[in-house]
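Fold and geometry: a report
The primary structure of each chain is shown beneath.
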Amino acid sequence: MKKLTGKCSFCGDELHIERLRCKGCGIAIEGEIQIPRLARLSAEDRDFIELFVRLSGSLKAMSKQLGISYPTMRNRLNRIIELLTQEISRDQKYREEILDKLDQGKIKAEEAIKLLRDL
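Residues numbered from 1 in each chain as written. Predicted model: local features only at pLDDT ≥ 70, side-chain atom pairs only at ≥ 80, totals over all residues. Heavy atoms only, no water.

As judged from the five bridges shared by strand β1 (residues 16-21) and strand β2 (residues 28-34), these two strands associate in the antiparallel manner. When the bridges of β2 are listed, I17 appears paired with I33. Between β1 and β2, which pair antiparallel in sequence order, lie six residues; one of them, G26, sits at a positive phi of approximately 85°. (Pairing = 2+ DSSP bridges. Helix = DSSP H or I, 4+ residues; strand = E, 2+ residues; numbered from the N terminus.)

This part covers the nonpolar core. Core analysis: the largest hydrophobic core is formed by 10 residues, namely L41, F48, I49, L51, L59, M62, M73, L77, I80 and L84. Elements supplying a minimum of two residues to this core: α2 (43-54), α3 (59-66) and α4 (70-103). It is α4 that contributes the most residues to this core, four residues altogether. Setting aside chain neighbours within four positions, we find L77 in contact with F48, I49, F52 and L59. (Core = buried A, V, L, I, M, F, W, Y, C linked by side-chain atoms within 4.5 Å. Buried < 20%, exposed > 50% of the residue type's maximum accessible area, 1.4 Å probe, protein only. Contact = heavy atoms within 4.5 Å.)

Here the largest pocket defines a volume of roughly 320 Å³. Residue lining of the largest pocket: 15 residues in total, with E14, H16, Q34, Y94 and L119 positioned closest to the centre. Of all the secondary structure elements, the ones that give two or more residues to the lining of the largest pocket are β2, α4 and α5 (109-117). In terms of residue count, α4 provides more of the lining of the largest pocket than any other element does, four residues in total. Classifying every residue of the lining of the largest pocket gives four nonpolar, two polar and nine charged. Here the second largest pocket is characterised by a volume of approximately 180 Å³. Every residue lining the second largest pocket is counted, 12 residues in all, and those nearest its centre are K7, R40, L41, L83 and E87. (1 Å grid on protein atoms, 1.4 Å probe; cavity = no way out; pocket = protein on both sides within 12 Å on 5 of 7 lines; lining within 4 Å. Points joined across faces, edges and corners; volume = space filled by probe spheres on them. Nonpolar A, V, L, I, M, F, W, Y, C, P; charged D, E, K, R; others polar.)

This part takes up the packing of α2 against α3. Helix-helix packing: each pair is described by the crossing angle between the helix axes and the interaxial distance. Axis separation between α2 and α3 bottoms out at 9 Å; the angle between their running directions is 120°. In this structure, the crossing between α2 and α3 has a hand that is right-handed. In this structure, α2 uses F48, L51 and F52 to contact α3, whose residues at the interface are L59, M62, Q65 and L66. Partitioned by chemical class, the residues of the contact of α2 with α3 number six nonpolar, one polar and no charged. (Axes fitted to C-alpha atoms, helices over the stretch in contact; angles between N-to-C directions. Left-handed = near helix turned anticlockwise from the far one by under 90°.)

Our focus in this paragraph is a negative patch on the surface. Residues D13, E14, E18 and E32 make up a contiguous surface patch of negative charge. Within the fold, D13 resides in the segment before β1. D13 sits in the exposed class, given a relative accessible area of 51%. (Patch = residues over 30% accessible without salt bridge, like charges linked within 9 Å, V, L, I, M, F, W, Y side chains within 5 Å. Areas by Shrake-Rupley, 256 points an atom, 1.4 Å probe, with all protein chains shown as cover. Salt bridge = Lys/Arg side-chain N within 4 Å of Asp/Glu carboxyl O. Lys, Arg positive; Asp, Glu negative; His and termini not counted. Charge placed at Lys NZ, Arg CZ, Asp CG, Glu CD.)

Below, the discussion takes up α3. Among the residues of α3, L59, M62 and S63 are the ones counted as buried. Buried residues along α3 cover an arc of 100° about the axis, so they all sit on one side. Exposed positions of α3 whose direction lies more than 90 degrees from the buried face are K60, K64 and Q65. Looking at the packing, one finds that the buried side of α3 touches α2 and α4. Among the residues trailing α3, G67 stands out with phi positive, at a value near 70°. (Arc of directions from axis to C-beta.)

And the structure:
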């Protein structure tokens, strides 16, 4: 099975989930559902984070297990931290845009609430 990256493999635009369905009871939830930040990372970066967590955050243990130098591990972690920081900044900017539109009367409170909940 191909791993989800959060980006369209054809055009590179951001993907959104439109439907979730429970295999057990069949109930479905439909609408635009944003992919969580960690799921938007590349499969390689998610594997790195998973190993990082499993090894209790020890870059030294990761370095040993993967046969990669500690500085290389540190650089990979720093790059992932920067990617997540950029995602958080984008979300914050979008949140501020929603609140500005609400303040200016361009959208109603109900719509602002819905947009903020979707973040």
